[in-house]
Amino acid sequence: QVQLVESGGGLVQAGGSLRLSCAASGRTFVGYAMGWFRQAPGKGREFVAAISWSGGIIYYADSVKGRSTISRDNTMNTVYLQMNNLKSEATAVYYCAAVNGVGAPRFSREYNYWGQGTQVPVSS
């Protein structure tokens with residue numbers, strides 16, 4: 001079993017920046033692809049970014065390209081999501097997810113471990 005804990009969420013002004021962290025525990029982190037998803041109020045969960053275990057494969061949703069960066073530090077069992085120039089539409093609960101497999105999946109159904117989420121309210 002893998003436990004994921006997000007942190008770093010909180011109120012941020014439009015145009016500001018925020019870095020989310022996701023720490024994994026419970027078992028070895030080796031071989032796990034990681035993804036970030038978000039769910040805005042009244043909307044479904046959508047893909048944000050994903051990274052393979054080695055870091056060699058990275059995907060971003062079109063809505064965040066150029067403004068967000070996913071990275072990982074496997075020695076710390078932690079994945080990060082740096083978000084810059086945040087807009088109001090970024091307001092959501094952000095979830096990290098993990099799966100032990102190849103590549104960097106972009107669909108939520110492909111992940112089997114999830115954190116509880118961290119809120120990111122973007123004020124105007």
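See above for the structure.
This is a predicted model, so every value here is computed, not measured.

Considerations on the pattern of salt bridges
Scanning the entire structure with this criterion turns up two salt bridges. Put simply, arginine 38 and glutamate 46 hold a salt bridge, and the shortest N to O gap is 2.6 Å. Note that aspartate 62 is salt-bridged to lysine 65, the shortest N-O span being 3.2 Å. The class for aspartate 62 is exposed, based on a relative accessible area of 65%. On the basis of relative accessibility, which here comes to 49%, the residue lysine 65 falls in the partly exposed class.

Details of the nonpolar core
Core analysis: the biggest nonpolar cluster contains 38 residues, and Leu4, Trp36, Leu81 and Tyr94 have the highest contact counts within it. When contributions to this core are tallied by element, the ones reaching two or more residues are β3 (18-25), β4 (32-39), β5 (45-51), β8 (78-83) and β9 (92-100). If you tally residues by element for this core, the top one is β9, at six residues. Residues in contact with tyrosine 94, not counting those within four places in the same chain, are Glu6, Leu20, Trp36, Phe37, Arg38, Val48, Leu81, Met83, Gly117, Thr118 and Val120.

Quick notes on the rules
Residues numbered from 1 in each chain as written. Predicted model: local features only at pLDDT ≥ 70, side-chain atom pairs only at ≥ 80, totals over all residues. Heavy atoms only, no water. Salt bridge = Lys/Arg side-chain N within 4 Å of Asp/Glu carboxyl O. Buried < 20%, exposed > 50% of the residue type's maximum accessible area, 1.4 Å probe, protein only. Core = buried A, V, L, I, M, F, W, Y, C linked by side-chain atoms within 4.5 Å. Helix = DSSP H or I, 4+ residues; strand = E, 2+ residues; numbered from the N terminus. Contact = heavy atoms within 4.5 Å.

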